[in-house]
Amino acid sequence: MKNLQMVDLIGQYQKVKHEIDEALQRVVESAAFINGPEVKAFAGELAEHTGIQHVIPCANGTDALQVVMMAMGFKPGDEVITTSFTYVATGEVIALLGLTPVLVEVNPETFTIDPDAFERAITPRTVAVVPVHLFGQCADMERVMEIARRHKLRVIEDAAQAIGSEYTFADGAKKKAGAMGDAGCTSFFPSKNLGCYGDGGAIFTDDKDLAESIRRTANHGQTAQYTHDFIGVNSRLDSLQAAVLRVKLRHLDSYTRARQRAAEWYDRAFAGCEGLQVPVRQPGSTHVFHQYTLIVKSGDRQALIDHLAAKHIPSKIYYPIPLHLQAAYRSDRYPEGDLPVSEYLASHVVSLPMHTELSEDDLRYISDQVLAFFANKPKLKDNSVIS
Ligand SMILES: *Cc1c(COP(=O)(O)O)cnc(C)c1O
């Protein structure tokens, strides 16, 4: 049995080693390390893949969210609605800019923003909503866009986990994750579906003026060389990362299919298991399975994690503490128990290994061990096999 991992970046590299090594060598020899032709070429190729007009690469996914909110000109005190059950970055940038994060529930089945909760949270101070396409599928964008347009709110998609996912609207229009709102943000953190070999991120928009102001914001608020009309940040993708990403973008569709095949395997294996809820697909959206996340409906989640660990199977909780219960984000506004769906999910979800290199043997071994836990649970407990 090979060493199972949550993500197998080495196995993935081995298969494209030739292409990657050649690309890295090309950059080193060109010495164009910052804003070189690789970055421009990558932005163009990603724009084409995503079906968007403007792709602005930046240093990471967190910066992408921050730069967009700066470029949109939000003022301290403005309210931005997002979900509590997400990675911290989403709420962090809102708070960092002096805006007020307004945290709402997710749909308990799809883990993405509950449109009714979003609408109820709107006040005269609300300026934007950030739907997070958590774990690799799009939020209910039909309703999110409709509500946002009706209330004249900006929509900033957090597509860090969902690159390549596609959403079909009721009128038949198809859009990629990150290409539906006023702006979309993504991350190229190594373990993301399109990951580089360090940090990286990008912003998507079809709005030419917004694109220009995003570019300037990410480049020190520079309007002409050494001329700064407003305060910006320094956030850029380096050329080595862009070169890696150009190679991996060519393989993204097949990487996505590999993830989807693994998810289908897990789905079939767990279909009859009453203790587990397999990922529920959001109608209208494809799922690119950044994570394969189960709800442990009955039984002890930690005992399952321990059982798997004893069998050398890693698993991980994304995310164990919702934002509104994090010390940094606690406020009287959200006492414990205030967002019961997010709190339930934080204490019941577990993610299994999910990546592009899982073999049928790996998947069979993992799913057999998960099922064995539920089949043998009383016996395992009595015999104290798991501790
Ligand atoms: C990874 C991630 C981010 C942040 O991306 P970084 O590149 O790590 O800064 C933001 N939001 C979500 C949902 C993420 O998963």
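Residues numbered from 1 in each chain as written. Predicted model: local features only at pLDDT ≥ 70, side-chain atom pairs only at ≥ 80, totals over all residues. Heavy atoms only, no water.

**Brief notes about the site of the ligand**
Piece 1. Taken together, 13 residues are adjacent to the ligand, and Gly61, Thr62, Asp158, Ser187 and Lys192 come closest.
Piece 2. Gly61 is positioned with one of its backbone polar atoms (N or O) 2.8 Å from an oxygen atom of the ligand.
Piece 3. Thr62 is positioned with one of its side-chain polar atoms (N or O) 2.5 Å from an oxygen atom of the ligand.
Piece 4. Contact with the protein chains hides 92% of the accessible area of the ligand, taken as 380 Å² for the molecule alone.
Piece 5. Tallied by class, the residues present in the shell around the ligand amount to four nonpolar, seven polar and two charged. (Near = heavy atom within 4 Å. Polar contact = N/O pair within 3.5 Å; in protein donor to acceptor, adjacent residues only side chain to side chain. Areas by Shrake-Rupley, 256 points an atom, 1.4 Å probe, with all protein chains shown as cover. Nonpolar A, V, L, I, M, F, W, Y, C, P; charged D, E, K, R; others polar.)

**So, the sheet that holds strand E1 (residues 54-58)**
Adjacent strands of a sheet form backbone hydrogen bonds with each other and so pair up, either parallel or antiparallel.
Piece 1. One open sheet holds the seven strands; their spatial order is E1-E9-E8-E5-E4-E2-E3, and the pairing between them is mixed. Only two strands of the sheet have a single neighbouring strand rather than two, namely E1 and strand E3 (100-104). Taken over all neighbouring pairs, the strand axes of this sheet differ in orientation by 25 degrees on average, direction set aside.
Piece 2. Bridging between strand E8 (residues 183-187) and strand E9 (residues 201-205) involves four bridges; their strand directions are antiparallel. Bridge pairing links Cys185 to Ile203 in E9.
Piece 3. Most of the contacts of helix H7 (residues 208-218) go to E1, to which it runs at about 15 degrees, and overall it touches E1, E8 and E9. (Pairing = 2+ DSSP bridges. Helix = DSSP H or I, 4+ residues; strand = E, 2+ residues; numbered from the N terminus. Axes fitted to C-alpha atoms, helices over the stretch in contact; angles between N-to-C directions. Contact = heavy atoms within 4.5 Å.)

**Observations regarding a nonpolar patch on the surface**
Piece 1. Together, Val28, Phe33 and Ile34 line one region of the surface with nonpolar side chains, adding up to about 260 Å² of accessible area.
Piece 2. In this fold, Val28 is placed in helix H1 (residues 9-30). (Patch = residues over 30% accessible without salt bridge, like charges linked within 9 Å, V, L, I, M, F, W, Y side chains within 5 Å. Salt bridge = Lys/Arg side-chain N within 4 Å of Asp/Glu carboxyl O.)

**Comments concerning the nonpolar core**
Piece 1. Within the largest apolar cluster, 28 residues are counted, with the highest numbers of intra-cluster contacts made by Ile81, Ile113, Phe118, Val129 and Met141.
Piece 2. Secondary structure elements with two or more residues in this core: E3, helix H5 (115-120) and helix H6 (141-150).
Piece 3. Counting residues per element, this core draws most heavily on H6, at five residues.
Piece 4. Domain assignment of the residues forming this core places at least three in each of domain 1 (9-250) and domain 2 (252-375).
Piece 5. Setting aside its immediate chain neighbours within four residues, Met141 contacts Pro131, His133, Val155, Glu157, Tyr167, Phe169 and Met180.
Piece 6. Membership of the second largest hydrophobic core comes to 27 residues, among which are Ala262, Phe270, Leu363 and Val370. (Core = buried A, V, L, I, M, F, W, Y, C linked by side-chain atoms within 4.5 Å. Buried < 20%, exposed > 50% of the residue type's maximum accessible area, 1.4 Å probe, protein only. Domains from an automatic or database assignment.)

**Considering the domain arrangement of the protein chain**
Piece 1. Once the domains are mapped, the protein chain shows domain 1 (9-250) and domain 2 (252-375).
Piece 2. Centre-to-centre, using C-alpha coordinates, domain 1 lies 24 Å away from domain 2.
Piece 3. Taken residue by residue, the interface counts 49 residues in domain 1 and 35 residues in domain 2.
Piece 4. Buried area between domain 1 and domain 2, both sides added, is near 3,700 Å², and the carbon and sulfur share of it is 57%.
Piece 5. By the criterion of area lost to domain 2, the three top residues of domain 1 are Phe85, Phe135 and Asn193, representing 19% of everything that side buries.
Piece 6. Inspection of the domain 1/domain 2 interface yields one salt bridge.
Piece 7. Breaking the side of domain 1 that touches domain 2 down by element, the ones donating at least two residues are H1, strand E2 (79-83), helix H4 (88-96), E3, strand E6 (166-168) and helix H8 (239-270).
Piece 8. Among the elements that make up the side of domain 1 that touches domain 2, the one with the highest residue count is E3 (five residues).
Piece 9. Residues belonging to the side of domain 1 that touches domain 2 are distributed by class as follows: 21 nonpolar, 18 polar and ten charged. (Buried area = accessible area lost by both parts, 1.4 Å probe.)

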